[in-house]
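Remarks on the overall topology
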Number of protein chains: 2
Amino acid sequence: MLTDWIIEKNNFEGSDIEKHGSKFLLGNGFMGYRGTMEEYSAQQLVAVNLAGFFDLADGSNWRESVNAPNPLYTVVAVNGTDLNLSELTPVSHSQKLDIKNGIHTRETVFSVFGVNVTIKAERFLSMSSENIMALKYSISADNDVELTIRTGIDKNVWNISGNHLNYVSESSFDNKHILNCETVQLKNKLNIYETVIGLEDIKNDNLLHISTVKLQANTQFEFVKFGGVYHSEGIINAEESFNAAVEIGYEKLKAAHCLVWEEVWKNSDVVIEGDDEAQLALRYSIYHLCSIAPHNTDKCGIPARGLSGQVYKGAAFWDTEMFMLPFFQFTDAKAARNLLKYRVNTVEGAKRKAKEFGYEGAFFAWESQETGDDACTLFNVTDIFTNRPQRTYFKDKQIHVSGDIVFAMWDYCRTTGDYTILVDGGLDLMYECLWFYYTYSSFKPYKNRYELLDVVGPDEYHERVGNNAFTNIMVKHAADIFVQAIEVVKANYPQTFKVFNKDLTWAYDFSEKLYVPQPDDRGIIEQFDGYFGLEDVTPEVLKTRELKENEYWGGHGLASETMTLKQADVIMMLNVFRNEYSAEIKKANWQFYEPYTEHGSSLSACAYAIVAAEIGDTDWAYKYFMKTASVDLTGNTKQYLGSLYIGGTHPAANGGAWNTAIFGFAGVSFTNDVLDISPRLPKNWKKLSFKLNWKGEALTITISQNVVEIDGVKNTKVTVYGKELKKCV
Amino acid sequence: MLTDWIIEKNNFEGSDIEKHGSKFLLGNGFMGYRGTMEEYSAQQLVAVNLAGFFDLADGSNWRESVNAPNPLYTVVAVNGTDLNLSELTPVSHSQKLDIKNGIHTRETVFSVFGVNVTIKAERFLSMSSENIMALKYSISADNDVELTIRTGIDKNVWNISGNHLNYVSESSFDNKHILNCETVQLKNKLNIYETVIGLEDIKNDNLLHISTVKLQANTQFEFVKFGGVYHSEGIINAEESFNAAVEIGYEKLKAAHCLVWEEVWKNSDVVIEGDDEAQLALRYSIYHLCSIAPHNTDKCGIPARGLSGQVYKGAAFWDTEMFMLPFFQFTDAKAARNLLKYRVNTVEGAKRKAKEFGYEGAFFAWESQETGDDACTLFNVTDIFTNRPQRTYFKDKQIHVSGDIVFAMWDYCRTTGDYTILVDGGLDLMYECLWFYYTYSSFKPYKNRYELLDVVGPDEYHERVGNNAFTNIMVKHAADIFVQAIEVVKANYPQTFKVFNKDLTWAYDFSEKLYVPQPDDRGIIEQFDGYFGLEDVTPEVLKTRELKENEYWGGHGLASETMTLKQADVIMMLNVFRNEYSAEIKKANWQFYEPYTEHGSSLSACAYAIVAAEIGDTDWAYKYFMKTASVDLTGNTKQYLGSLYIGGTHPAANGGAWNTAIFGFAGVSFTNDVLDISPRLPKNWKKLSFKLNWKGEALTITISQNVVEIDGVKNTKVTVYGKELKKCV
């Protein structure tokens, strides 16, 4: 049964443990807590994954985000037998995620020594106090039974690439445990607080409270726990912050938490009438975006797997700007600005990277952590046939990231109306990005044009190609944007512009002469120089050529010399620059490239969905929308790349689902600062309603079969195509 | 025992068959005949390999040189048992190659049915009549015995990549067989003539003469055979040519043949006193060069494996210009000019290649056949782990070939004094080559320089690198040469220059601003951008990492991300441009790069030998010289690349041996048109004597321990360093 706000699973299969850790994830921007049982430990991939806190384990090849010790660890034993779901087949089990309130619950009945023992647990990561997590735990049984409860801080947490923490000190007093750690590489402090309320006769041992409870039949025994996780500046007031949370108490803390979520949904909910499945999938996508957004910091981006673990090193990719940022800029401009400011704050890392590869300016990281230095290695895949590290070119050739950031920053400015980011480091960032491209580019005097050679586009199966359409067009726009941004700053912040007294002749020349691949006679834009000459085979054919499962198709793999693509590339470009290509061009390219696209990345489907909607093919659009919106519900994604685990949540797809609803189905776009709406709803959708912040105006847009209603309009010019417009001021 | 002119093997091992086919090779420029026994067939790799005659077999991936049917096929049987060395263990066996006269002999004693039968055979490919081969065959026995002799044309020839011939007609008359064939792909005619003289009561069957001989004990039965191989224009007078040869008769034909060889040696012999081993090895190298040179045609180059078979498709590589041409330009200017004219004749193929890859001008082939189109495929290696074709970049990224040709042409001009090649298409060729480089290059405005990015240098283990030192310096010289050549043509052939009325501003700009990597603080020239940052391991270490024998170390193989090199690259550059780098720079680079060099190519050792001699390290120079000079004597070279057979003769190494003797040990060089001689003979060499044609003067140079004698000097200015000079006019 589908409900609007509850994700649930009402039985238990051991094989779900890995998947459900991501599916039932809690997050509050500061940290994520995987959807694991309270009694689970490292083997079941328990993780309190920290945003923006990274470390290199001894002997490891890469830095990754740190998973904190788990302060909610709790296990109940009967006669020495632990009631552990991963070990004991339950009588019944259900797990629920309330996405409206960000609350995780479980209810499990174990049968042990002839007694049925019921465990109920409810937990949340506080949205009102980001360092705090809380748990309510209750036990009942159908017969008298003696329980031993062990609860405390579990150090045994999941790590993909080695141990990250040294334990500096431990203290236990007043039913409280404090574990002070520091990271292995940089000796950064991480302190964990924990307390339990409602247990008696506690023995404290090894960061655990141990208590024996004589439970009477059909009564309920309940206790609550608080956990506090502190690092960086948060360390200073840790004690105070944690004590305050405990003081407030579980129920009030929960109420405050729910209030924040209510506020979040007020700005970001999208209501679909007539399609419960799509409604839940889209809300679930929005839930993920809101629970991992950096609400209170501009020190970190959003990792490619959200806060579901250390996959992809906890690093931020171009995914943030290209797939997630639109959602934030229209629903939570503060988070959007934080994300952009994070890039401004890490521009020095991008400059170091450019230098490392022989260029100048800012070459933004493929995998960005706290400093902006690239966390990606040059050997990011293991060859499945030889077990040797395989040279990949994600790091040194996927140059479009800097342009993506420039583009996203400008898009933020023009849709929010907030151009202050430009003088808060934004224009400097743009300058450095463009200068990087200028130093990367090849001028071809005999063609009087700049080219971008030896790059990797979004479709990573084709490495080291020339004039990748997506990349060239993105960089061309970045150059144009830079030139426009200079004018904005000149006009509005003349003082800043005076400081910015560099010779910019090159930028105008580059913007004028950078080559942009054009549609051919058929209207098709070649993905890169020579793409049309590659072997003409589709993913289905390649699949039959596989010698091993999980073969990597890129690099020297099966796809690289064929027309098969990993993910949307030209289609992504048509999606990003939707106002610049006609429906005919979009249609021609969609039909041409679709059969060659493997969708081996969760970034792919939404681009196909949006462009399908734009060319009026709502059936295909709906199919790809549902694929995107339900990626973390079904968990049916690639779990391994060669031998590398790549599972987790997919916030870019979550963002892509929202983008599809708003830009695809609602048909929202912005031409010359006019808000255009060209709705093309899926057949079964009766109504689509959502909020948009547009230059400071909080618009509510409701699209039904014949009418578009817009509430909150002040100065915005709106044009609606194909339906009647009702405006409410 | 070493003799000066005889290569011999006095026993038989079955495992030698493949190797000896190359070691005992005969050639006359028009064709090669492998050192196989007369009774051998395709299984023993018999080949009459044709220069400049190519075909694509049905279903094959590449074109290769054609092997003609074998007109010298002869087998003797006793009581139905064939006296076939590959099947019957002999009583004794010896095989000899007389390199002074280009004559192959064998003497084999077989014991069969209690009788010892001795086979003697002598054969040669006529140097005076290139289409003709001849065989003298004699049989004796220590008891009366009845022999069945089968001799004729054997169609069953070795092919690496499929059958190349359709048989159009066969005729037999007057003890003569004629087999008219045409190639499978282009239907080019190939006609084979054969006759036997001295056999009686012949039955002709299936292109064989079959004759029974009652041989009396201790008498000798002898017959002779002639073969004629005709294609292209040669076809027209085939009958006449063949009949004339038969008419002349075996002994007179042999005498004429030997006379040509005598003439050849008069111009090209190098005499070493005090080191028989080196003497034989060097003469053997010179023998190979002279026996495969295109004496009478400018329609073909010299294949990388000479005329020893179809390996590397019978195609010409940069090897010709960089390793062999110096020998010819100083000893046989006509052959040298033919080789250069072949490049002029195939410039249209090079222009087609440039266009295919998106450039303009002439991009000379990695593997050049009769048209100049590139015979190399984009998948030139099979992955040994997956059995899949592996994308290689020999064809599209090894761009230095065009520059090598320009350089070689200019070197030919200035050392022979013959500049006519410039107006015979040479200057146009230079223009097209330079224009190609201009279109390939990347101008970097912020550095105000042109760069050559995404190339493969001579060291093929590192693909797609930037600013390869060898390539950049070669192209820089090519640009300078082009600019100089224009002046020469302007001054000497004003009419031609008027025709050549193109705007050449770009060429001067390119010549001025092309980036050339310079030595660093240590004097080391980085092989390409980023080479110093690769993993610091030597070939010995890589060897221990191999998972399979014959792993290809390039591509995505073991060497590509390490400092290990396949072959001399920077050292090759120091060798080619020997007058531009100091001994200190040469020494620093030799010592730096030597440990990283695998010498996985036979082109490598001679560059190390010459530079070692130049820096005064004659021990190392000698070691690498002997490795080079004896490569085809020992046959100890890589026989397989992945699963691809790459055995055969190594004319580039043969040329490299001569280069080492002349440029390394004799220390010949040309600075500002003065002939410099800085001898540094190996310790055990008492005397080194050789001929050099220098601007039309036939110099004889003799270097002994204290004196340099030069005979034949007219206008040449000579400077000798470190020894006394005696000049004889």
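Every value quoted in this text rests on a predicted model; they were computed, and no experiment measured them.

Moving on: the side chain of Thr392(B). Following the sequence through the fold, Thr392(B) ends up in the loop between strand S21 (389-390) and helix H8 (394-397). Within polar-contact distance, the side chain of Thr392(B) engages the backbone nitrogen of Asn380(B) at 3.0 Å.

Take the interface of chain B and chain A next. At the junction of the two partners, chain B supplies 31 residues and chain A supplies 31 residues. In this assembly, chain B packs against chain A so that about 2,300 Å² is buried in total across both faces, 52% of it on carbon and sulfur atoms. Summed over the three residues of chain B that lose the most area to chain A, namely Arg388(B), Tyr446(B) and Arg464(B), the buried surface amounts to 28% of that side. Counting the contacts that link chain B with chain A gives four salt bridges. Seen at the junction of chain B and chain A, the total is 16 residue pairs in polar contact (both at pLDDT 80 or more). Secondary-structure elements contributing two or more residues to the side of chain B that touches chain A are helix H10 (420-440) and strand S22 (442-444) of chain B. The element best represented in the side of chain B that touches chain A is H10(B), accounting for four residues. Split into classes, the residues belonging to the side of chain B that touches chain A amount to 13 nonpolar, six polar and 12 charged.

Another aspect to go through is the domain arrangement of chain A. Residue and element names in this part refer to chain A. According to the domain assignment, chain A contains domain 1 (2-260) and domain 2 (269-677). Facing 41 residues of domain 1, the contacting portion of domain 2 comprises 39 residues. The interface formed by domain 1 and domain 2 contains two salt bridges. With a shortest N-O distance of 3.8 Å, Arg283 and Asp4 are connected by a salt bridge. Connecting domain 1 to domain 2 are 16 residue pairs in polar contact (both at pLDDT 80 or more).

Picture the strands of a sheet paired through backbone hydrogen bonds; they go either parallel or antiparallel. All names here are of chain A. The strand order S2-S3-S4-S5 describes an open sheet built from four strands, whose pairing is antiparallel. At either end of the open sheet lies a strand with only one pairing partner, and these are strand S2 (26-27) and strand S5 (63-68). The pairing of strand S3 (residues 31-33) with strand S4 (residues 48-56) spans three bridges and is antiparallel. Each bridged residue has a counterpart across the sheet, and for Tyr33 the counterpart in S4 is Val48.

Residues and elements named next belong to chain A. Burial of strand S27 (residues 674-677) is two-sided: the residues Val674 and Asp676 facing one way and the residues Leu675 and Ile677 facing the other way are all buried. Here strand S26 (residues 668-671) runs beside S27; their pairing, made up of four bridges, is antiparallel. Looking at S27, one finds that Phe670 is bridged to Leu675. Once S26 ends, the chain turns through two residues before running back antiparallel as S27, passing Asn672 with a positive phi of about 45 degrees. With three bridges connecting them, S27 and strand S31 (residues 718-720) associate as parallel partners. Residue pairing for S31: Ile677 is matched across the bridge by Val720.

The next point concerns the state of the cysteines. All names here are of chain A. Following the criterion strictly, the structure yields zero disulfides over all chains and no others. The thiol of Cys258 is unpaired, and the distance to the nearest cysteine sulfur, on Cys290, comes to 15 Å. By relative accessible area, which is 17% here, Cys258 ends up buried. Cys290 supplies the cysteine sulfur nearest to Cys606, a cysteine that is in no disulfide, at a spacing of 17 Å.

Next up on the list: the relation of the copies chain B and chain A. Least-squares fitting of chain B to chain A yields an RMSD of 0.0 Å, with the superposition described by an axial translation of 0.1 Å and a rotation of 180 degrees. Considering both components of the superposition, the chain copies are consistent with a two-fold axis. Interface overlap between copies: 100% of the residues of chain B at the interface are likewise at the interface in chain A, consistent with a symmetric, same-surface contact.

So, on to the packing of aromatic side chains. Across all of its chains, the model carries 124 aromatic pairs over all chains by this definition. When the ring of Trp318(A) is compared with that of Phe470(A), the centres are 5.7 Å apart and the planes differ by 75 degrees; the resulting orientation is edge-to-face. In this pair, Trp318(A) is assigned in the loop between helix H4 (276-292) and helix H5 (319-331) and Phe470(A) in helix H11 (residues 469-492), connecting sequence segments 152 residues apart. Look at Phe330(A) and Trp658(A): their rings are 6.3 Å apart centre to centre, the planes differ by 25 degrees, and that puts the pair in the stacked class. Here Phe330(A), found in helix H5, pairs with Trp658(A), found in helix H20 (residues 651-665); they are 328 residues apart in sequence, far enough to count as distant. Residue classification places Trp658(A) among the buried residues on the basis of a relative accessible area of 0%. A connected cluster of aromatic rings, assembled from ring pairs, spans Tyr431(A), Trp435(A), Tyr438(A), Phe443(A), Tyr450(A), Phe482(A), Phe497(A), Phe500(A), Trp506(A), Phe510(A) and Tyr446(B).

Looking at chain A as a whole, the pLDDT averages 95, with 99% of positions reaching at least 70. Overall fold confidence for the complex sits at a pTM of 0.93, while the interface term, ipTM, reaches 0.90.

In spatial order, the strands read S2-S3-S4-S5 (chain B); together these four strands make up an open sheet with antiparallel pairing. One side of each edge strand has no neighbouring strand; the edge strands of this open sheet are strand S2 (26-27) and strand S5 (63-68) of chain B.

So, on to the packing of helix H6 (residues 333-345) of chain A against helix H10 (residues 420-440) of chain A. Residues and elements named next belong to chain A. Where H6 meets H10, the closest approach of the two axes is 9 Å, and the angle between their N-to-C directions is 35 degrees. Read as a crossing pair, H6 and H10 show a hand that is left-handed. Counted together, Arg337, Leu340, Lys341, Arg343 and Val344 of H6 and Thr420, Ile421, Asp424, Gly425, Gly426 and Leu429 of H10 form the full contact between these two elements.

In this section: the nonpolar core. Generally speaking, nonpolar side chains in soluble globular proteins are found buried as a group. Counting 455 residues, the largest nonpolar core has Ile139(A), Ile139(B) and Phe482(B) as its most contacted members. The contact partners of Ile139(A), leaving out residues within four places of it in the chain, are Val76(A), Val117(A), Thr118(A), Ile119(A), Leu147(A), Ile149(A), Leu215(A), Thr219(A), Gln220(A), Phe221(A) and Phe223(A).

Turning next to the pattern of salt bridges. Residues and elements named next belong to chain A. Summed over all chains, the structure comprises 92 salt bridges over all chains. In this structure, Lys9 engages Asp16 in a salt bridge whose closest nitrogen and oxygen atoms are separated by 2.5 Å. Like Lys9, the residue Asp16 is buried in the burial classification. Between Glu194 and Lys225 there is a salt bridge whose closest N-O contact spans 2.4 Å. Highlighted residues: Glu194 in strand S15 (residues 189-197) and Lys225 in strand S18 (residues 220-231), separated in sequence by 31 residues. With respect to class, Glu194 is no different from Lys225; both count as buried. Salt bridges sharing partners connect three or more residues here, namely Glu38, Glu39, Arg106 and Arg123.

Attention now moves to the environment of Ile473(A). Residues and elements named next belong to chain A. Topologically, Ile473 is positioned in helix H11. Since its relative accessible area comes to 2%, Ile473 is described here as buried. When the C-alpha positions of Ile473 and Val76 are compared, they lie 59 Å apart, and in sequence the two are 397 residues distant.

Moving on: helix H7 (residues 347-356) of chain B. Residues and elements named next belong to chain B. For H7, the set of buried residues is Val347, Gly349, Ala350, Lys353 and Ala354. The arc that holds the buried residues of H7, viewed along the axis, is 155 degrees, so those residues lie on one side. In H7, the exposed residues that point more than 90 degrees away from the buried face are Lys355 and Glu356. Buried positions along H7 lie against helix H6 (333-345), H8 and H10.

Conventions and cut-offs
For every chain, the first residue of its written sequence is number 1, and the numbers climb from 1 along that sequence. Here the convention is simple: chains get letters from A, ligands get numbers from 1, in the order in which they are written. It should be noted that, the model being predicted, local features are given only for residues of pLDDT at least 70 and side-chain atom pairs only at 80 or more, the latter also being counted only at that level, while totals for whole chains, interfaces and linings use all residues. Values reported for side chains reflect all heavy atoms of the structure, with hydrogen atoms and water molecules removed beforehand. The numbering of helices and of strands both runs from the N terminus, where a helix is a DSSP run of H or I of at least 4 residues and a strand a run of E of at least 2. In protein, a polar contact means a hydrogen-donor-capable atom and an acceptor-capable atom, both N or O and within 3.5 Å, with residues adjacent in sequence counting only if both atoms are side-chain atoms; elsewhere, any N or O pair within 3.5 Å suffices. Any pair of residues with heavy atoms lying within 4.5 Å of one another is described as a contacting pair. Note on terms: buried area is the combined drop in 1.4 Å-probe accessible area of two parts once they are placed together, counting the loss on both. Salt bridges are defined by distance alone: a side-chain nitrogen of Lys or Arg within 4 Å of a carboxyl oxygen of Asp or Glu. Under the grouping applied here, Gly and all other residues not named as nonpolar or charged are polar, the nonpolar ones being Ala, Val, Leu, Ile, Met, Phe, Trp, Tyr, Cys and Pro and the charged ones Asp, Glu, Lys and Arg. Where each domain begins and ends follows an automated or database-derived domain assignment. Pairing between two strands is assigned when DSSP locates at least 2 bridges connecting them. Each residue gets one of three labels from its accessible area relative to the maximum for its type: buried under 20%, exposed over 50%, partly exposed in between, using a 1.4 Å probe on protein chains only. The criterion for a disulfide is a pair of cysteine sulfur atoms lying within 2.5 Å. When the copies are superposed, the least-squares fit draws on C-alpha atoms of residues that have pLDDT of at least 70 in both. Each Phe, Tyr or Trp ring (for Trp, its six-membered ring) is paired with any other whose centre lies within 6.5 Å, and the angle between the two planes then decides the class: stacked below 30 degrees, edge-to-face above 60, tilted in between. Confidence scores here are pLDDT values: one per residue, from the predictor, ranging 0 to 100. Angles run from 0 to 180 degrees between N-to-C directions of axes, and those axes are lines fitted to C-alpha atoms, restricted for helices to the stretch in contact. Crossing chirality is assigned from the near helix's rotation relative to the far helix, an anticlockwise turn below a right angle marking it left-handed and a clockwise turn marking it right-handed. Joining through side-chain atoms within 4.5 Å is the link that ties buried Ala, Val, Leu, Ile, Met, Phe, Trp, Tyr and Cys residues into a set, and such a set is a nonpolar core. Directions drawn from the helix axis to the C-beta atoms are what define this arc.

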